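Residue-level structural notes
Letter by letter, the chains look like this.
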Amino acid sequence: MWWSENLSVRIISGPGSLQDLKFILEEFGKNLSVFLVTGQKSFEKSGAETAVKEISDNHNLIHIKDFRVNPRIEDVKKELNIIKNQKPDLILAVGGGSV
């Protein structure tokens, strides 16, 4: 089963991108539904957890971090079902290659 949407993609990466997270999200509005995908350990170690806590009061976060390194197709399908049901305003991925 395939699913497609008309999506606008914006990739922000590199040094300092976490410090700009609050301002980037403000461009999209307030009270957003944010599908947050993070690594299990890298999220805390990188300092990203602190940056996300700063925005969590203004947005509804759906935080997913329970997947394997090098996720299998069943992991991806599970997360896609959550996205289809929750219909988040945006997806925020913080982490390494598995994210």
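Refer to the structure above for everything that follows.
Values in this document were obtained by computation on a predicted structure and should not be read as measured data. (Residues numbered from 1 in each chain as written. Predicted model: local features only at pLDDT ≥ 70, side-chain atom pairs only at ≥ 80, totals over all residues. Heavy atoms only, no water.)

1. Considerations on the overall build of the protein
Heads up, the rule is: Each helix corresponds to a stretch of at least 4 residues labelled H or I by DSSP, and each strand to a stretch of at least 2 residues labelled E; elements are numbered beginning at the N terminus. Every radius of gyration here is taken over C-alpha atoms, with the globule rule written as 2.2 Å times N^0.38, N being the number of residues.
Helices and strands together make up the secondary structure of the protein, namely four helices and three strands. Counting helices and strands in the order they occur from the N terminus, the protein gives α-β-α-α-β-α-β. Here the C-alpha atoms of the protein give a radius of gyration of 14 Å, agreeing with the 13 Å that 2.2 N^0.38 yields for 99 residues. Seen along its three principal axes, the alpha-carbon backbone of the protein occupies a region of about 35 × 30 × 20 Å.

2. A few points about helix 1 (residues 21-28)
The condition is simple: Here the term buried applies to any residue with accessible area under 20% of the maximum for its type, exposed to any over 50%, and partly exposed to those in between, with areas from a 1.4 Å probe on protein chains only. The arc in question is the one traced by the directions running from the helix axis out to the C-beta atoms. Pairs of residues are marked as contacts when any of their non-hydrogen atoms sit within 4.5 Å.
Every buried residue of helix 1 is accounted for by Leu21, Ile24 and Leu25. Projection of helix 1 onto a plane perpendicular to its axis shows the buried side chains occupying an angular sector of 95°, all on one side. The exposed set on the far side of helix 1, more than 90 degrees from its buried face, consists of Phe23 and Glu27. Contacts from the buried residues of helix 1 go to helix 3 (48-55) and strand 3 (90-94).

3. Some words on unusual backbone geometry
With phi around 55°, Asn31 is a residue other than glycine that occupies positive phi space. Mapped onto the elements of the fold, Asn31 is located in the loop between helix 1 and strand 1 (33-38). Look at Lys87: it is not a glycine, yet its phi comes out positive at around 50°. As for its position among the elements, Lys87 is in the loop between helix 4 (73-86) and strand 3. Residue Lys87 is classed as exposed on the basis of its relative accessible area of 63%.

4. Considering the side chain of Ser33
Among the structural elements, Ser33 can be located in strand 1. In contact with Ser33, other than residues within four places in its own chain, are Asn60, Ile62, Pro88, Asp89 and Leu90.

5. Quick notes on the sheet that holds strand 2 (residues 60-64)
Where we set the bar: Two strands qualify as a pair provided that DSSP identifies no fewer than 2 bridges between them. Under this scheme, a helix contributes an axis fitted over its contacting stretch, all axes are lines through C-alpha atoms, and angles between N-to-C directions fall in the 0 to 180 degree range.
The strand order across the open sheet formed by three strands is 2-1-3, and the pairing between neighbours is parallel. Whereas interior strands pair on both sides, the edge strands pair on one side only; in this sheet they are strand 2 and strand 3. Neighbour to neighbour, the strand axes of the sheet diverge by 25° on average, direction disregarded. Two strands pair when backbone bridges link them, and strand 1 and strand 3 are joined in this way by five bridges, in the parallel orientation. Bridging across to strand 3, Thr38 finds its partner in Val94. Most of the contacts of helix 4 go to strand 2, to which it runs at about 165°, and overall it touches strand 1, strand 2 and strand 3.

6. Points about the pairing of strand 1
Burial runs high along strand 1: six of the six residues are buried. Side chains Ser33, Phe35 and Val37 project from strand 1 onto one buried face, and the interleaved Val34, Leu36 and Thr38 project onto a second face that is buried too. Alignment of strand 1 against strand 2, held across five bridges, turns out to be parallel. Opposite Val37, over in strand 2, you have Ile64 as the bridge partner.

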